[in-house]
Amino acid sequence: MEIEKKDIRSLTKEQLRDFFVANGDKAFRGNQVYEWLWSKASHNFEDMTNVSKETRIMLENNFVINHIKVDQMQRSEDGTVKNAVRLHDGLIVESVLIPTETRTTACVSSQVGCSLDCNFCATARLKRMRNLEPGEIYDQVVAIDRESRLYYNRPLSNIVFMGMGEPLMNYNNVMKAIAMITSEEGLGMSPKRITVSTSGVSKMIKKMADDDVKFKLAVSLHSAIEETRNHIMPFTKNFQLPELKEALQYWYQKTKSKVTYEYVVWKGINDDKASIDALVKFCKYVPCKVNLIEYNPIDDGEFQQASDAAINNYIEALAKNDVVAKVRRSRGKDIDAACGQLANKS
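Keep in mind that this is a model prediction, so the values were computed, not measured.

Participant: Explain the packing of helix 4 (residues 134-152) against helix 5 (residues 171-182) to me, and be specific about the residues and the numbers.
Facilitator: The interhelical angle for the contact between helix 4 and helix 5, taken along N-to-C directions, is 45°, at an axis separation of 8 Å. With respect to helix 5, the element helix 4 is oriented oblique. In this structure, helix 4 meets helix 5 at a crossing whose hand is right-handed. Contacts between helix 4 and helix 5 pair Pro134, Ile137, Tyr138 and Val141 from the former with Asn173, Val174, Lys176, Ala177, Met180 and Ile181 from the latter.

In structure tokens:
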């Protein structure tokens, strides 16, 4: 019976060094291999040209590198690039490169499918099949960085965890991936250029604050009226607004980092005065800004884009209360790469 080989990227640098010592080699060999795996993002033991052929064969016999493969890449007329990413077990997730004049943002996935059940989101209709490993999250970033250099002549500048899945339901792996993305031994990106977006898992927001993270936090709020929010995102019955408010106050007190609220305005659901007033009130609890997001219908159901007038009412009310609000026009709609559209149609 063939033994199942371990993914070498699940080892720390110390464990790799120990492996080489235990196999009669020098500890520094572990440093060399570690550099190939992370800083050089190698997917193949054959690439590791500064270690001997025997060593590469030994690695091959003991380990695998469970890397991703970009299975299909689509480019939108607005420059957005969507990757259908095949994992080692044949499952697929999607990630997106979003370019603007000045920067390139990677929108990455943290789960195959999603643990949650937001009614307006195509990804939520796929059941959660598994969490992504740190290396699989890291690989999505590496792939988008390469595409950014190829198509836009500049490195990736920002990362948002807003792809498939709820990042805080895959907490440990997301944190390990971010640690490698920001490490000098990995991609060396500044944590201030990374935003983790959650649908409001209160106790994990507090845990992030306790873990003294340096990245930014975004919360998919969509309504500050409990009943409406529960209707839009049924799972939020377990993460009620008072608990979310308390978690966000704890987050701000510990990190001094502003919260961004992601907020889609829908016709007949949250485009009325009561919804606007509730959001304005919620925004007073912690320093924050609001991204009003253009909705991308996923079918002809109840969720339809609100009128420009309704969105303007939000902007005016928030501005009057000194809350910075921006309207985010969705990118990549023609290739189903916009917010809420990632559903593996490929």
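Resuming the write-up.
Participant: So what's going on with the sheet that holds strand 6 (residues 104-107)? Residues and values would help.
Facilitator: Ordered in space as 3-4-5-6-9-10-11-12-13-14, the 10 strands form an open sheet in which the pairing is mixed. The open sheet is flanked by strand 3 (69-75) and strand 14 (324-328), the only strands paired with a single partner. On average, adjacent strands in this sheet sit at an angle of 20° to one another, irrespective of strand direction. As paired strands, strand 6 and strand 9 (residues 158-161) are joined by 3 bridges and run parallel to one another. Residue pairing in the sheet places Cys107 in a bridge with Val160 of strand 9. Sitting on the sheet, helix 5 is in contact with strand 9 and strand 10 (194-198), with an inclination near 170° to strand 10. Strand contacts of helix 8 (residues 241-255): strand 11 (216-220) and strand 12 (259-264), with the helix running at about 170° to strand 11, the strand carrying the most contacts.

Participant: Can you break down the pairing of strand 13 (residues 288-293) residue by residue, with the values?
Facilitator: The element strand 13 is extensively covered by neighbouring structure, given that 5 of its 6 residues are classed as buried. Strand direction decides the pairing type here: strand 12 and strand 13, joined by 6 bridges, are parallel. If you follow Thr260 over to strand 13, its bridge partner there is Lys289. Following the backbone out of strand 12, through helix 9 (residues 273-282) and into the adjacent parallel strand 13, one traces a crossover that is right-handed. Bridging between strand 13 and strand 14 involves 5 bridges; their strand directions are parallel. Note on strand 14: the bridge partner recorded for Lys289 is Val324.

Participant: Outline the pattern of salt bridges, listing residues and values.
Facilitator: On inspection of all chains with the given rule, the structure shows 15 salt bridges. The salt bridge involving Glu185 is made with Lys13; its shortest N-O contact spans 2.3 Å. Of this pair, Glu185 sits in the loop between helix 5 and strand 10 while Lys13 sits in helix 1 (residues 13-22), placing them 172 residues apart in sequence. A residue is classified by how much of its surface remains accessible, and Glu185, at 35% relative accessible area, is partly exposed.

Participant: Give a description of the pairing of strand 6 that names residues and reports values.
Facilitator: Here strand 6 shows two buried faces, one formed by Thr104 and Ala106 and the other by Thr105 and Cys107. Two strands pair when backbone bridges link them, and strand 5 (residues 92-99) and strand 6 are joined in this way by 4 bridges, in the antiparallel orientation. Following the sheet pairing, Val96 is matched in strand 6 by Cys107. Connecting strand 5 to the next strand, strand 6, in antiparallel fashion are 4 residues.

Cut-offs applied
Residues numbered from 1 in each chain as written. Predicted model: local features only at pLDDT ≥ 70, side-chain atom pairs only at ≥ 80, totals over all residues. Heavy atoms only, no water. Axes fitted to C-alpha atoms, helices over the stretch in contact; angles between N-to-C directions. Helix = DSSP H or I, 4+ residues; strand = E, 2+ residues; numbered from the N terminus. Parallel < 35°, antiparallel > 145°, perpendicular 65-115°, else oblique. Left-handed = near helix turned anticlockwise from the far one by under 90°. Contact = heavy atoms within 4.5 Å. Pairing = 2+ DSSP bridges. Buried < 20%, exposed > 50% of the residue type's maximum accessible area, 1.4 Å probe, protein only. Right-handed = clockwise from strand over helix to strand, strands pointing away. Salt bridge = Lys/Arg side-chain N within 4 Å of Asp/Glu carboxyl O.

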